[in-house]
Amino acid sequence: MLHRGVLEETTVGSPQGAVISPLLSNIYLHPLDLYWEREVKATKMVRYADDLVVLCRWKPPETYMPKLRQFLARLRVTVNEDKTRMVAAQDGFDFLGVHFRKQPSRRDASKWFCYCWPSPRSMQRIRDKVKTAIGRDNRPALQEKLDRLNPILRGWSAYFGWLNSAQHFRKVDQYVTWKLRCWLQAKHQRRRRAFWKTPLAYWRKVGLYSTQGRIVHTS
């Protein structure tokens, strides 16, 4: 539905404004899932905890917003207006760290397809984690730094490996090796060009986890 429709995104908050754990949210909002599947069949709701998107194929999202508000009022929860927006699928949207966007197929420009990749916020988060893991402490050995980095990179690539993420994975690897080169320069007090031409094969040899080649292609 997404690649041919319009999307409506909303975030639901508790009456007291506190954050509800995913488990409690799923239990409390389960009636919403049942109601929407039974009564609003022209759309598709996708929800995780208190975050959800509504995919609208035939009618504009304004048609369904009152129904959503009314049912949520029965559950005594409210819509977070600051995080609620209505967008065309061609403009794209972020959900659970993933950016979704409807655009012409790369194989056949006459057809449209829903592509998805890590959101800008997700990319910034992985860069921040890499930066923190490497740090500025020059005393540890390279292997100690790799032991910190590898679980981060492995978990991140596993989460986004089913997406159209090849370009983003390559950027992450480039950032990681760049930070490591900077760290090695400082550690060994070498000039700027030192370590700069270290090939990717070297990093793989010393045990650095590479996100490239981790894309899972599903049929």
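Above: the structure in question.
Read on for an overview of the structure. Nothing here was measured: the structure is a model prediction, and the numbers come from that model.

This part takes up the overall build of the protein chain. A count of helical and extended segments in the protein chain gives seven helices and eight strands. Buried residues in the protein chain amount to 42% of all 219 residues. Long-range pairs, those at least 24 residues apart, make up 61% of the contacts in the protein chain between residues at least 6 apart in sequence. By element, 52% of the accessible surface of the protein chain is carried by carbon and sulfur atoms, the whole surface being about 13,700 Å².

Put simply, helix α5 (residues 142–160) and helix α6 (residues 166–188) touch, their axes get as near as 12 Å, and they point 170 degrees apart. In this view, α5 runs roughly antiparallel relative to α6, as classed from their interaxial angle. Residues L142, K145, L146, L149, L153, W156, S157 and F160 of α5 touch α6, and the partners they reach there are F169, V172, V176, L180 and W183.

Applying the stated rule across the entire model yields nine aromatic pairs. Here F113 and Y115 contribute two aromatic rings whose centre-to-centre distance is 4.9 Å and whose plane-to-plane angle is 70 degrees, an arrangement assigned as edge-to-face. A residue is classified by how much of its surface remains accessible, and F113, at 43% relative accessible area, is partly exposed. For the pair Y159 and F160, a centre-to-centre distance of 4.7 Å together with 80 degrees between the ring planes defines the contact as edge-to-face.

As a further point, take helix α3 (residues 65–74). The complete set of buried residues in α3 reads M65, L68, F71 and L72. When α3 is viewed along its axis, its buried side chains cluster within an angular range of 135 degrees and face the same direction. Of the residues in α3, the exposed ones pointing more than 90 degrees away from the buried face are Q70 and R74. Count one or two residues on from α3 and you reach R76, which has phi positive near 65 degrees.

The next point concerns the nonpolar core. Judged by nonpolar contacts, the single largest core of 32 residues is most densely connected at V130, L149, L153, V176, L180 and L208. Breaking this core down by element, the ones donating at least two residues are β3 (51–56), β6 (93–95), β7 (98–104), β8 (112–118), α4 (120–134), α5 and α6. Among the elements that make up this core, the one with the highest residue count is α6 (seven residues). Core analysis: the next-biggest nonpolar cluster, separate from the first, contains 17 residues, L29, W36, V54 and M65 among them.

Their axes nearest at 10 Å, the elements α4 and α6 cross at an angle of 25 degrees. Judged on the interaxial angle alone, α6 and α4 are roughly parallel. The way α4 lies across α6 gives a crossing that is right-handed. In this structure, α4 contributes M123, I126, R127, V130, K131 and I134 to the contact, and α6 contributes H168, K171, V172, Y175, V176, K179, L180 and W183. Of the residues contributing to the contact of α4 with α6, the split by class is nine nonpolar, one polar and four charged.

Let us look at the side chain of T84. Its place among the elements puts T84 in the loop between β4 (78–79) and β5 (85–88). A polar side-chain atom of T84 sits 2.7 Å from the main-chain carbonyl oxygen of N80.

Here the focus is the sheet that holds β7. Ordered in space as β6-β7-β8, the three strands form an open sheet in which the pairing is antiparallel. Each having just a single partner strand, β6 and β8 make up the two edges of the open sheet. The sheet shows a mean angle of 30 degrees between the axes of neighbouring strands, taken without regard to direction. Both β6 and β7 contribute to a ladder of three bridges, which runs antiparallel. Bridge pairing links F95 to V98 in β7.

What counts, and where the lines are drawn
Residue positions are given per chain, counted from 1 along the sequence in the order it is written. The model is predicted, so local features are restricted to residues of pLDDT at least 70 and side-chain atom pairs to those at 80 or more, both for listing and for counting; the totals for chains, interfaces and linings are taken over all residues. For side-chain calculations, the full set of non-hydrogen atoms in the structure is used, while hydrogens and water are omitted. Under the scheme used here, helices are H or I runs from DSSP no shorter than 4 residues and strands are E runs no shorter than 2 residues, and both carry numbers assigned from the N terminus. With a 1.4 Å probe rolled over the protein chains alone, any residue whose accessible area is under 20% of its type maximum counts as buried; one over 50% counts as exposed, and the rest are partly exposed. Residue contacts are defined here by distance: any two heavy atoms, one from each residue, within 4.5 Å place the two residues in contact. What sets the accessible areas is the Shrake-Rupley method with a 1.4 Å probe; for residues, cover comes only from the shown protein chains. The convention used is that axes are lines fitted to C-alpha atoms, helices contributing only their stretch in contact, and that angles between N-to-C directions extend from 0 to 180 degrees. To sort the angles, those under 35 degrees are grouped as roughly parallel, those over 145 as roughly antiparallel, those from 65 to 115 as roughly perpendicular, and the leftovers as oblique. Within 6.5 Å between ring centres, the rings of Phe, Tyr and Trp (the latter by its six-membered ring) count as paired, and their orientation is classed by plane angle as stacked under 30 degrees, edge-to-face over 60, tilted in between. As used here, the arc belongs to the directions running from the helix axis to the C-beta atoms. By convention a nonpolar core is built from buried Ala, Val, Leu, Ile, Met, Phe, Trp, Tyr and Cys residues, the set being connected through side-chain atoms within 4.5 Å. Crossing chirality is assigned from the near helix's rotation relative to the far helix, an anticlockwise turn below a right angle marking it left-handed and a clockwise turn marking it right-handed. Gly is put with the polar residues, along with every residue not named as nonpolar or charged; the nonpolar set is Ala, Val, Leu, Ile, Met, Phe, Trp, Tyr, Cys and Pro, and the charged set is Asp, Glu, Lys and Arg. Polar contacts here mean pairs of N or O atoms no more than 3.5 Å apart (in protein, one a potential hydrogen donor and the other a potential acceptor; neighbouring residues in sequence count only if both atoms are side-chain atoms). In this description, strands pair whenever DSSP reports at least two bridges between them.

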